[in-house]
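Structure assessment
The lines below spell out each chain.
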Amino acid sequence: MWDIADGWVWALVIVGGPLLIGIFMAVASSRRRRLTRTEQKISDEVAHKNWGKEQIR
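About the criteria used
Residues numbered from 1 in each chain as written. Predicted model: local features only at pLDDT ≥ 70, side-chain atom pairs only at ≥ 80, totals over all residues. Heavy atoms only, no water. Helix = DSSP H or I, 4+ residues; strand = E, 2+ residues; numbered from the N terminus. Buried < 20%, exposed > 50% of the residue type's maximum accessible area, 1.4 Å probe, protein only. Areas by Shrake-Rupley, 256 points an atom, 1.4 Å probe, with all protein chains shown as cover. UniProt positions renumbered as here; feature names shortened; annotations may be inferred. Patch = residues over 30% accessible without salt bridge, like charges linked within 9 Å, V, L, I, M, F, W, Y side chains within 5 Å. Salt bridge = Lys/Arg side-chain N within 4 Å of Asp/Glu carboxyl O.

Turning our attention to the overall build of the protein. Counting secondary structure elements, the protein contains 2 helices and 0 strands. Each of the 57 residues in the protein was classed as buried or not, and the buried ones make up 2%. For the protein, the exposed surface amounts to about 6,000 Å²; the carbon and sulfur share of it is 67%.

Below is the structure:
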């Protein structure tokens, strides 16, 4: 039998799922912002030097 609560459950899943994913991505991406300016500059320089040198096996 279909119950009115089933609709609310699916609404929570549809709305809450992307919301939780967005919050997780915001938290994960904030880690890069925690670097000091010096650390970020060094990280960018190393990434620039290594650009294209990776070999895929």
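With that out of the way, let us pick up the UniProt feature "transmembrane region" (unreviewed entry) in the protein. UniProt annotation of "transmembrane region" (unreviewed entry) refers to residues 7-28 when read in the numbering used here. Between the end C-alpha atoms of residues 7-28 there is a gap of 32 Å, over a span that is 100% helix and 0% strand.

Moving on: a nonpolar patch on the surface. Taken together, the side chains of Val-9, Trp-10, Val-13, Ile-14 and Val-15 present a nonpolar region at the surface, about 540 Å² in accessible area. Turning to its location among the elements, Ile-14 is positioned in helix 1 (residues 4-33). The class of Ile-14 is exposed, set by a relative accessible area of 58%.

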